[in-house]
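Residue-level structure breakdown
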Amino acid sequence: MTIPSVTAFDGCGASIVEPKPVRPAFLVFYLVLGIAFGFVLSRSEVISWFRIQEMFRFQSFRMYGIIGAAVVTAALSVAILKRTSLKSASGEPISIPRRPLGSGIRYALGGTIFGLGWALTGACPGPLFALIGNGVPVIVVAILAALLGTWTYAWARPHLPH
Amino acid sequence: MNALLYSDWPWYVAGPLIGLFVPALLLLGNKVFGISGNLSHLCAAIAPGKLEFFRYDWRKAGLWNLVFLLGVVLGGFIAFHGGPVQDIAISPNTHAALSRLGIHDFSGVAPHQLFNWHALLTLRGFILIVGGGFLVGFGTAYAAGCTSGHAISGLANFELPSLIAVFGFFAGGLAATWFILPLILGGL
């Protein structure tokens, strides 16, 4: 059993523990799961600018129901997985690294900045990519702008409060 | 079967299905569900510059997630070609509120008036598409997560940082919806 090394990556899911690279054969499964996720995002209409507006205007329960039910399902699954000593199909013990709280400023401020963008584009990152195929090709420009945003954060990072 | 696959799904079907991606990724390879990390991985792969934030092995940390993301794009295409969304059945109140802001085309998933190539040349379209996209990329990197990483994975793991982030998501979303959008769309 080797000691997992922590990569410098801290974009989403701060300092992800990466014991070993993914076996190429497994990539097919990630692709299939991704296809399923893109399909579900589309069918559930969470990719819709109109649905996001409806949510932020508190005019429908739908989005709250979707996010709430997703959280409950995920929380129950995680609780069950923690109680079992199941290993993943790739042979690793299942563990979810916790993000360090720090001062919490990055979560409050970063979250608020993302929220502004979420309401303007009507899409969070998953839907941005699902929208390419859903008849909104101009969203590719929003994705490029998002990459520029992430790059700018990386550049400004030493000067930002965390 | 077709009706099930191609109609809009109710929240109590869509929500649990979305939540199941968390255990699915954990069981497959001990991976934490979260989309926005891919923006970092793409930057690290394409233009890391000399920035410390991108100084990690993106293949090792994120190739699985980039492949997942490619799947999301394909899944969107498959859903669209199976039966594109014609009209989103939004609440009459939302319909009325958006109409007052000048939106009259309610077909498709996003308003064609605002999200098309020509709109990019207008200040309004530029702010929505380029400005909005930039804020999504900057904010998710700063907050270390988006709706999937914080609102779903993080909350499901009872993480305080994620709860703070989700409050931020809503603070920003409400501000943009109630104060910024009326300014941008005014006179549409």
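Residues numbered from 1 in each chain as written. Chains lettered and ligands numbered in written order. Predicted model: local features only at pLDDT ≥ 70, side-chain atom pairs only at ≥ 80, totals over all residues.

1. Observations regarding the overall build of chain A
A tally of regular secondary structure across chain A gives six helices and two strands. Evaluated residue by residue, chain A yields a buried proportion of 53% over its 162 residues. Restricting the contact set of chain A to residue pairs at least 6 apart, pairs at least 24 apart contribute 47%. (Helix = DSSP H or I, 4+ residues; strand = E, 2+ residues; numbered from the N terminus. Buried ≥ 20, exposed ≤ 12 C-beta atoms within 10 Å, placed from the backbone. Contact = placed C-beta atoms within 7 Å.)

2. A short note on the overall build of chain B
Summing up its helical and strand segments, chain B has nine helices and zero strands in all. Listed N to C, the secondary structure of chain B is α-α-α-α-α-α-α-α-α in terms of helices and strands. Along the longest, intermediate and shortest principal axes, the C-alpha atoms of chain B span 50 × 45 × 35 Å. Taking all 188 residues of chain B together, 53% fall into the buried category.

3. Quick word on the interface of chain A and chain B
Every contact between the two is made by 113 residues of chain A and, on the other side, 119 residues of chain B. Put simply, the parts of the chain that give the side of chain A that touches chain B at least two residues each are helix H1 (24-43), helix H2 (49-56), helix H3 (62-83), helix H4 (105-121), helix H5 (125-132) and helix H6 (139-156) of chain A. Tallied by class, residues from the side of chain A that touches chain B come to 67 nonpolar, 33 polar and 13 charged. (Nonpolar A, V, L, I, M, F, W, Y, C, P; charged D, E, K, R; others polar.)

4. Examining the packing of H1 of chain A against helix H5 (residues 58-82) of chain B
Two numbers describe how H1 of chain A lies on H5 of chain B: the axes approach to 6 Å, and their chain directions differ by 45°. Put simply, H1 of chain A runs oblique to H5 of chain B. The handedness of the crossing between H1 of chain A and H5 of chain B comes out as right-handed. (Axes fitted to C-alpha atoms, helices over the stretch in contact; angles between N-to-C directions. Parallel < 35°, antiparallel > 145°, perpendicular 65-115°, else oblique. Left-handed = near helix turned anticlockwise from the far one by under 90°.)

5. Focus: the nonpolar core
Counting 107 residues, the largest nonpolar core has Leu131 and Ala146 of chain A together with Val22 and Ile152 of chain B as the members making the most contacts within it. Sort the elements by how many residues they give to this core and H5 of chain B lands first, with eleven residues. Non-local contacts of Leu131 of chain A, meaning those with residues more than four positions away in its chain, are made with Ile47, Ala123, Val136 and Ile139 of chain A together with Gly76 and Val109 of chain B. (Core = buried A, V, L, I, M, F, W, Y, C linked by C-beta atoms within 7 Å.)

6. Let's talk about the environment of Met63 of chain A
All names here are of chain A. Relative to the helices and strands, Met63 resides in helix H3. Residues Met63 and Ile52, spaced eleven residues apart in sequence, show a C-alpha to C-alpha distance of 7.7 Å. Those residues in contact with Met63 that sit more than four places away from it in its chain are Val46, Arg51, Glu54 and Met55.

7. With respect to H5 of chain A
Taking burial as the measure, the eight residues of H5 of chain A include eight buried ones, the bulk of the element. By the burial criterion, the buried members of H5 of chain A are Pro125, Gly126, Pro127, Leu128, Phe129, Ala130, Leu131 and Ile132 of chain A.

8. Points about the confidence of the model for chain B
The predicted model of chain B averages 92 in pLDDT, with 95% of residues at 70 or higher. As scored by the predictor, the complex reaches a pTM of 0.92 and an ipTM of 0.94. (pLDDT = per-residue confidence, 0-100.)

9. Notes on unusual backbone geometry
Residues and elements named next belong to chain A. Even without being a glycine, Glu45 presents a positive backbone phi close to 65°. Phi is positive for Phe58, close to 55°, though the residue is something other than glycine. Tracing the chain through its elements places Phe58 in the loop between H2 and H3.

10. Details of the packing of H5 of chain A against H6 of chain A
Residues and elements named next belong to chain A. The geometry of H5 relative to H6 is characterised by a closest axis approach of 9 Å and an angle of 145° between their N-to-C directions. With respect to the hand of their crossing, H5 and H6 are arranged in left-handed fashion. Where H5 approaches H6, its residues Leu128, Phe129, Leu131 and Ile132 are matched on the opposing element by Ile139, Val140, Ala142, Ile143 and Ala146. Partitioning the contact of H5 with H6 into residue classes produces nine nonpolar, no polar and no charged.

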